[in-house]
Amino acid sequence: MDFESLFTQICHDLGKNGDVKEISTRFSTCTTDARRVSFVLALDPVRDCLQGPLSLAKREISTPCKSHELSTSHRVEGNNYYQKKLNWKAICSYNRSLLVGEGEALALAYANRSAVFHDTADWLHSLRDIQLAFDHGYPKNLEYKLRERQGNCWLELGHVHQAFTSFSLAKDLLEKTTTNVQQHKDKLISIISKIGKLGDVNNIGVTESMSNEAAASSIERQVIKQRTTAPELNRDSNARLPAASTSIELTDSVDRGRCLVATEDIQIGTTVIVEKALASILLEEFKESHCHHCLHWTPGPVPCHQCSQIDAIPETRTLSYLQVGFCSTLCRDEAWASYHSSECGLTDSLHRTNVGKNGLLALRTILKVGRQRIIDAHQHDEFLPAGEVYDSSDYGGTIHRLVGNSSQRSVADLFRRTVMAVYLTSFIQPYDEILAAAALRLIQSYPCNAHEISHLAVPLPGSLSSGSHFHSLQKIRLCEIAAAAMPVLSLINHSCNPNVVRVCYGDVIVVRAIRRITRGEEILDNYGYHYATHEKKERQLKLSQQYYFRCNCQPCTEDWPLYEDTLKLVNQSDMSDAINKDISDYTACSYPDVPLQQLEESARLFVGYLNALESDASIHLPVQEYSMAQEVLKHCWALSATLSPHLAVVVEVTVSKKINKTPFDGTDEYPTHSLLANYLCPEMNLN
Ligand SMILES: C[S@@+](CC[C@H](N)C(=O)[O-])C[C@H]1O[C@@H](n2cnc3c(N)ncnc32)[C@H](O)[C@@H]1O
């Protein structure tokens with residue numbers, strides 16, 4: 001039963017007993033989350049309704065069902081695609097095969113996937129899959145094939161000693177085979193020739209070759225290194241706010257709570273915050289393409305040992321894949337040690353609850369943090385004592401103290417969120433009031449504090465040839481892949497004309513200045529309602545509904561127009577022409593093959609334009625050229641963060657995804673927090 005049905009059932013049962021009014025009155029007197037949870041858990045209809053989902057969850061956890069048959073059928077399907085050189089399709093089928101496979105079926109799936117990576121020159125992923133195939137018992141009589149492939153990969157990566165060892169093993173294995181098949185003989189000749197070509201290695205000796213374990217961990221490290229890495233802070237890390245640089249500090253304002261303020265003048269492009277998520281959840285649509293743990297795109301996910309399996313959904317009699325994949329065995333093991341062992345087997349049931357991103361993120365946060373830290377956080381008081389470090393990996397001092405706006409919520413809203421908290425925590429620890437109260441706190445604070453993690457989805461090569469440059473930019477869109485708790489980012493207040501922008505690198509978000517910020521000025525982000533894309537009336541309404549404040553930023557007080565009604569530069573035709581020409585050149589790039597260097601150059605160019613426009617006292621914002629230059633700059637940064645050696649495949653995968661928005665909890669909308677909302681031209685709106 002999903003949450004909506006469960007809640008309807010509970011309300012119906014309470015209504016049947018004629019208790020609704022009295023219960024509402026009594027519930028409204030509960031002034032803390034702990035009391036709200038105790039109250040709700042004492043209601044019979046709630047306890048009755050919780051039985052169903054709980055028994056289902058228990059059954060799912062206790063009946064792992066890998067399937068040799070299904071794994072084989074996906075592998076055969078993959079082999080067909082591979083023969084037709086439909087490499088990406090082959091990889092997808094092999095992914096499925098290994099998600100449901102175990103033992104030899106799993107080993108064969110890894111081995112076959114390694115062949116596709118080998119043929120597409122992805123030597124690292126090929127090597128990693130070969131290693132995993134051996135780990136899972138790849139058949140001895142076929143080992144020579146993998147050893148030869150392994151040798152090729154090592155050689156391509158410049159590890160001559162490793163290549164020599166692998167080829168030699170392949171040779172020994174072939175020499176030991178008793179069959180007289182011509183194919184084997186030919187293979188032996190070819191391998192001997194490869195060894196011969198390595199020549200000198202014989203003299204150096206193979207003893208310098210890495211051990212199996214060392215080689216495996218070196219491959220894993222290299223796989224991880226392939227991920228795009230976030231830029232560093234512009235200055236030393238701030239002692240009180242380690243994720244931020246010394247260019248900003250945490251302070252309190254009279255009318256808008258805590259805020260971040262510049263301690264010195266900050267130039268456009270400066271990186272002032274680099275924060276790793278305290279907790280995050282990958283959206284379901286991306287479970288086949290992104291790492292469950294670090295959120296980076298991966299061409300070859302490594303499944304969880306247990307819960308990536310098939311599951312027969314009793315109500316619908318359909319099969320669903322409980323896919324939990326990781327970019328590396330390191331991420332898999334880290335996730336297991338941190339939270340995944342507690343949710344293993346439940347991921348699909350949890351998605352089927354339809355509680356939305358914030359509910360799932362609340363539960364993940366609780367699993368990551370653990371019961372004891374939650375108890376400790378509750379025992380300490382509500383505010384951060386002067387001088388205490390605000391550390392992103394800390395729960396008690398940060399996430400636990402975020403704005404939840406409880407006092408402004410209606411009784412109905414609080415009741416619904418309390419039932420949701422009780423329901424969600426029941427999946428891991430039924431009737432645990434401490435965990436449920438912590439979940440309730442987060443379910444209230446995340447709608448105003450959780451952040452969206454987005455990746456650029458670039459269209460397939462060739463599909464950008466027609467249309468205006470605005471049209472081209474429109475096709476390269478940001479799509480939301482995950483939600484994350486980022487305690488430092490949650491300290492930034494909103495402006496409809498922000499001076500910073502967020503750029504995502506997996507579960508790390510970087511904050512960069514998009515305008516010049518003077519010493520003492522507040523750092524201001526955009527919560528998804530930008531002056532250029534949303535009318536003032538709409539902005540004010542949404543911000544007050546979701547974030548409970550009235551915006552007094554410059555565009556709001558001065559009533560700035562939308563982008564299309566904004567004036568162009570007057571008396572500055574040279575500058576205007578130059579900006580427009582460079583925007584046009586930028587959008588004409590042949591995505592996705594834009595070299596990183598070119599993107600960096602474009603970013604420098606547009607930083608220069610923004611500086612020139614800001615320095616000219618005769619220019620009064622807003623002007624179209626300024627807005628457009630800002631948009632292109634954000635675009636360059638987002639694209640650089642997405643670029644990886646596998647971009648061409650990322651493109652294919654991401655664009656082919658059907659992006660369904662997860663239903664959201666209650667009336668709160670999720671903070672869009674994305675560049676997408678900031679695209680300025682009407683024709684660039686992506687809906
Ligand atoms: C993500 S938090 C920002 C940090 C917050 N000031 C704090 O003390 O934790 C969002 C909340 O900050 C406040 N806020 C953000 N921007 C604001 C603004 N421009 N004016 C007034 N309050 C604002 C609102 O209460 C909003 O719900």
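Values in this document were obtained by computation on a predicted structure and should not be read as measured data.

1. Quick look at the pairing of strand E1 (residues 248-253)
Pairing between E1 and strand E2 (residues 257-262): 6 bridges, direction antiparallel. When the bridges of E2 are listed, Leu250 appears paired with Leu260. With antiparallel pairing between neighbouring strands as the criterion, E1 and E2 make up a hairpin whose turn holds 3 residues.

2. Side note on the environment of Asp48
By the secondary structure assignment, Asp48 is in helix H4 (residues 44-62). A relative accessible area of 55% places Asp48 in the exposed class. Sequence separation between Asp48 and Asp13 is 35 residues, and the spatial gap between their C-alpha atoms is 9.9 Å.

3. Concerning the site of the ligand
As a matter of local geometry, the ligand sits amid 15 residues, with Arg256, Arg258, Asn493, His494 and Tyr547 nearest to it. A distance of 2.8 Å separates a nitrogen atom of the ligand from a polar atom in the backbone of Arg256. Taking Tyr547, its main chain carries an N or O atom lying 2.7 Å from an oxygen atom of the ligand. The fraction of the free accessible surface of the ligand (560 Å²) that becomes covered by protein chains is 92%. For the ligand, the cavity whose grid points lie within 2 Å of the majority of its atoms is the largest pocket.

4. Concerning the sheet that holds strand E3 (residues 271-276)
Pairing in this open sheet of 3 strands is antiparallel, and the strands run E3-E13-E12 from one edge to the other. Only two strands of the sheet have a single neighbouring strand rather than two, namely E3 and strand E12 (500-505). The average angle at which neighbouring strand axes cross in this sheet is 20 degrees, direction not considered. Note that E3 and strand E13 (residues 508-513) share 5 bridges and pair antiparallel. By the bridge assignment for E13, Glu275 is matched with Ile509. Against the sheet, helix H25 (residues 624-642) makes contact with E12 and E13, and its axis sits at roughly 15 degrees relative to E12, the strand it touches most.

5. Some details on the packing of aromatic side chains
Considering all chains together, one arrives at 12 aromatic pairs under this definition. Where Phe27 meets Phe39, the ring centres are 5.7 Å apart and the plane angle is 55 degrees; that geometry is what we call tilted. Placement of the pair is Phe27 in helix H2 (residues 20-28) and Phe39 in helix H3 (residues 33-41), with a sequence separation of 12 residues. Among the residues examined, Phe27 registers a relative accessible area of 2% and is labelled buried. Both rings, one in Tyr527 and one in Tyr547, keep their centres 4.5 Å apart while their planes meet at 40 degrees; by these two values the pair is tilted.

6. A closer look at the nonpolar core
Nonpolar side chains in soluble globular proteins generally cluster together in the buried interior. Leu260, Ile273 and Ile523 are the most contacted members of the largest nonpolar core, which totals 87 residues. The biggest single contributor to this core is helix H19 (residues 433-449), with 9 residues. Look past the residues within four positions of Ile523 in its chain and what remains in contact with it is Ile248, Leu260, Val261, Ala262, Ile266, Ile492, Asn493, Asn499, Val500 and Ile517. Counting residues in each nonpolar core, the second largest holds 47 residues, with Val501, Val503, Leu610 and Leu633 among its members.

7. Quick notes on helix H8 (residues 123-135)
Here H8 is 13 residues long and its end C-alpha atoms lie 18 Å apart, about the 18 Å a rise of 1.5 Å per residue gives. Within the sequence span of H8, burial applies to Trp123, Leu124, His125, Ser126, Leu127, Arg128, Asp129, Ile130, Gln131, Leu132, Ala133 and Phe134. Residues of H8 that are buried in the fold lie against helix H7 (103-119), helix H9 (143-156), helix H13 (212-225), strand E5 (302-303) and helix H14 (329-343). Directly beyond the C-terminal end of H8, a positive phi value near 85 degrees is found at Gly137.

8. Let's talk about the pattern of salt bridges
Across all of its chains, the model carries 27 salt bridges by this definition. Between Glu4 and Arg416 there is a salt bridge, with its nearest N and O atoms 3.1 Å apart. With Glu4 in helix H1 (residues 3-16) and Arg416 in helix H18 (residues 411-426), this pair connects stretches of sequence that are 412 residues apart. By relative accessible area, Glu4 is classed as partly exposed at 41%. Judged by relative accessible area, which is 17%, Arg416 ranks as buried.

9. So, the packing of helix H24 (residues 596-615) against H25
Where H24 meets H25, the closest approach of the two axes is 9 Å, and the angle between their N-to-C directions is 155 degrees. Considering the angle they form, H24 stands roughly antiparallel to H25. Remark: the crossing between H24 and H25 carries left-handed chirality. Residue-level contacts link Leu596, Leu599, Ser602, Ala603, Phe606, Val607, Leu610, Leu613 and Glu614 of H24 to Glu625, Tyr626, Ala629, Gln630, Val632, Leu633, Cys636, Trp637, Leu639 and Ser640 of H25. Taken together, the residues of the contact of H24 with H25 break down into 14 nonpolar, 3 polar and 2 charged.

10. A word on the side chain of Arg417
Along the polypeptide, Arg417 turns up in helix H18. Side chain to side chain, Arg417 and Asp413 meet in a polar contact 2.7 Å long.

11. So, the confidence of the model for the protein chain
Interpretation of the predicted coordinates at a detailed level should be avoided for regions scoring low in pLDDT. Averaged over every residue, the pLDDT of the protein chain is 83; the share at 70 or more is 83%. Ignoring residues within four places in sequence, the model shows residues 312-318, a span with pLDDT below 50, making 9 contacts including any to other chains. Within the model, pLDDT remains below 50 along residues 460-471, and this stretch shows 18 contacts once partners closer than five positions in the same chain are excluded.

Rules of the game
- Residues numbered from 1 in each chain as written.
- Predicted model: local features only at pLDDT ≥ 70, side-chain atom pairs only at ≥ 80, totals over all residues.
- Heavy atoms only, no water.
- Pairing = 2+ DSSP bridges.
- Helix = DSSP H or I, 4+ residues; strand = E, 2+ residues; numbered from the N terminus.
- Buried < 20%, exposed > 50% of the residue type's maximum accessible area, 1.4 Å probe, protein only.
- Near = heavy atom within 4 Å.
- Polar contact = N/O pair within 3.5 Å; in protein donor to acceptor, adjacent residues only side chain to side chain.
- Areas by Shrake-Rupley, 256 points an atom, 1.4 Å probe, with all protein chains shown as cover.
- 1 Å grid on protein atoms, 1.4 Å probe; cavity = no way out; pocket = protein on both sides within 12 Å on 5 of 7 lines; lining within 4 Å.
- Sits in = over half its atoms within 2 Å of the grid points.
- Axes fitted to C-alpha atoms, helices over the stretch in contact; angles between N-to-C directions.
- Contact = heavy atoms within 4.5 Å.
- Phe/Tyr/Trp six-rings, centres within 6.5 Å; stacked < 30°, edge-to-face > 60°.
- Core = buried A, V, L, I, M, F, W, Y, C linked by side-chain atoms within 4.5 Å.
- Expected span 1.5 Å × (residues − 1).
- Salt bridge = Lys/Arg side-chain N within 4 Å of Asp/Glu carboxyl O.
- Parallel < 35°, antiparallel > 145°, perpendicular 65-115°, else oblique.
- Left-handed = near helix turned anticlockwise from the far one by under 90°.
- Nonpolar A, V, L, I, M, F, W, Y, C, P; charged D, E, K, R; others polar.
- pLDDT = per-residue confidence, 0-100.

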